[in-house]
Amino acid sequence: KTLTWILDEASTRNMPTKLFTNGMLLNTDKNRMLALKANDIRISLSMPCPKKFLETCFGIVPSAKHIVTLNQLVTNLKTLIRERKASGSNTTVGMNMVVGEFNWDYLDEILELSAEIGMDYLDIKPDYFAKTDAHYFEILSQKIAEAAELLTEGQIGPTKVIFADSINRKSIFHHQFTGKCDANLQSRHKVFITPFGDCIPVHHWAFP
């Protein structure tokens, strides 16, 4: 109900909207059609291995693991892509991947999975909250270079792949790994609205 109100109000004001989600609730016609009211849907997925996916999402909480499997999530996303085409929606659908020591050996697989699903883009960025040093970035750059060999003109299949500048330490974000930023400046570009309707200048636990 809150999401419907937010998207409708933003639409009447010609304000672009981006929906951040793990995709678990895109398992019904109603939820998918609601999501397609946004200008952009960004799915958080950093682990393409079914077993590791469960561990990454739910840790060691057995009761939570029945919620969704990786296969179910992929089905949700493929269905969303099909329904977007059928409805004539212009919503872009992409994937957001945080890359670090826990998953950089799976980069090839996440690239291939993005293309298999038919994502418009895959946004790859480092873990801004991880402890890093020169050796970390040396290995990360190597892994990125190896994965990039799969790409043709910056794409793999239909999916555009975007490597954040902070991966190569070329942006201000590299120097601000504590997740701090000026909230006043940030709010001039965008604001985040939580599922509870709270309006905040910075996305909780994510770097802007």
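Our subject is the structure that appears above.
Throughout this description, residue numbers start from 1 for each chain and increase along the sequence as written. Local features in this predicted model are restricted to residues whose pLDDT is 70 or higher, and side-chain atom pairs enter the listing and the counts only when it is 80 or higher, whereas totals over whole chains, interfaces and linings include all residues. Values shown for side chains rest on all heavy atoms present in the structure; no hydrogens or waters enter the calculation.

Student: Could you give me a rundown of the packing of aromatic side chains, with the residues and numbers involved?
Tutor: Aromatic rings from Phe, Tyr and Trp, taking only the six-membered ring of Trp, are treated as a pair when their centres fall within 6.5 Å; an angle between ring planes under 30 degrees marks them as stacked, one over 60 as edge-to-face, and anything in between as tilted. If you walk through the whole model with that rule in mind, you get 2 aromatic pairs. A ring pair is formed by Phe20 and Phe192, whose centres lie 5.8 Å apart and whose planes are at 55 degrees; its orientation type is tilted. Here Phe20 is found in strand β1 (residues 18-21), whereas its partner Phe192 is found in strand β7 (residues 192-193), with 172 residues between them in sequence. Three labels apply to residues, based on accessible area from a 1.4 Å probe with only protein chains included: buried if under 20% of the type maximum, exposed if over 50%, partly exposed otherwise in between. Phe20 gets classed as partly exposed once you look at its relative accessible area, which sits at 35%. For Phe192, a relative accessible area of 10% gives the class buried. Where Trp104 meets Tyr136, the ring centres are 5.6 Å apart and the plane angle is 40 degrees; that geometry is what we call tilted. Highlighted residues: Trp104 in the loop between β3 (92-99) and α5 (107-117) and Tyr136 in helix α6 (residues 134-148), separated in sequence by 32 residues. Comparing Trp104 with Tyr136, the two get one shared label, buried. In DSSP terms, a helix is any run of H or I states spanning at least four residues, a strand is any run of E spanning at least two, and both are numbered starting from the N terminus.

Student: Any details on the nonpolar core? Residues and values, ideally.
Tutor: With 44 residues, the main nonpolar core has Leu45, Leu77, Met95, Leu107, Leu111 and Ile124 as its most contacted residues. Breaking this core down by element, the ones donating at least two residues are α2 (29-35), β2 (40-44), α4 (70-87), β3, α5, β4 (121-126) and α6. Any two residues whose heavy atoms approach within 4.5 Å are treated as being in contact. Apart from residues no more than four positions distant in its own chain, Leu107 is found in contact with Met97, Val99, Ile124, Lys143, Ile144 and Ala147. Here, the term nonpolar core denotes a set of buried Ala, Val, Leu, Ile, Met, Phe, Trp, Tyr and Cys residues that are joined through side-chain atoms within 4.5 Å.

Student: Tell me what's going on with the side chain of Arg32, and back it up with residues and numbers.
Tutor: Tracing the chain through its elements places Arg32 in helix α2. Judged by its relative accessible area of 7%, Arg32 is buried. Apart from residues no more than four positions distant in its own chain, Arg32 is found in contact with Leu26, Asn27, Asn76, Thr79, Leu80 and Glu83.

Student: Now, about the side chain of Lys125: what can you tell me, with residues and values included?
Tutor: Locating Lys125 in the fold gives a position in strand β4. Residue Lys125 is classed as buried on the basis of its relative accessible area of 15%. N or O atoms within 3.5 Å of each other form a polar contact, as long as, within protein, one can give a hydrogen and the other can take it, and as long as residues adjacent in sequence are counted only when both atoms are side-chain atoms. Within the structure, the side chain of Lys125 is placed 3.5 Å from the side chain of Asn96, a separation counted as a polar contact.

Student: Tell me about the sheet that holds β3, and please be specific about residues and values.
Tutor: Only strands joined by at least two bridges in the DSSP assignment are considered to pair. Overall, mixed pairing links the 6 strands, which are arranged β1-β2-β3-β4-β6-β5 in an open sheet. With one partner strand each, in any of the chains shown, β1 and β5 (155-156) form the two edges of the open sheet. Note: β5 against strand β6 (residues 159-163), 2 bridges, orientation antiparallel. Looking across to β6, one finds that Ile156 is bridged to Thr159. Interaxial angles span 0 to 180 degrees and are taken between N-to-C directions of axes, which are lines fitted to C-alpha atoms, for helices over the stretch in contact. The sheet contacts of α4 involve β2 and β3, and relative to β3 the element is tilted by about 150 degrees. Running over the sheet, α5 touches β3, β4, β5 and β6 and is turned about 170 degrees from β3.

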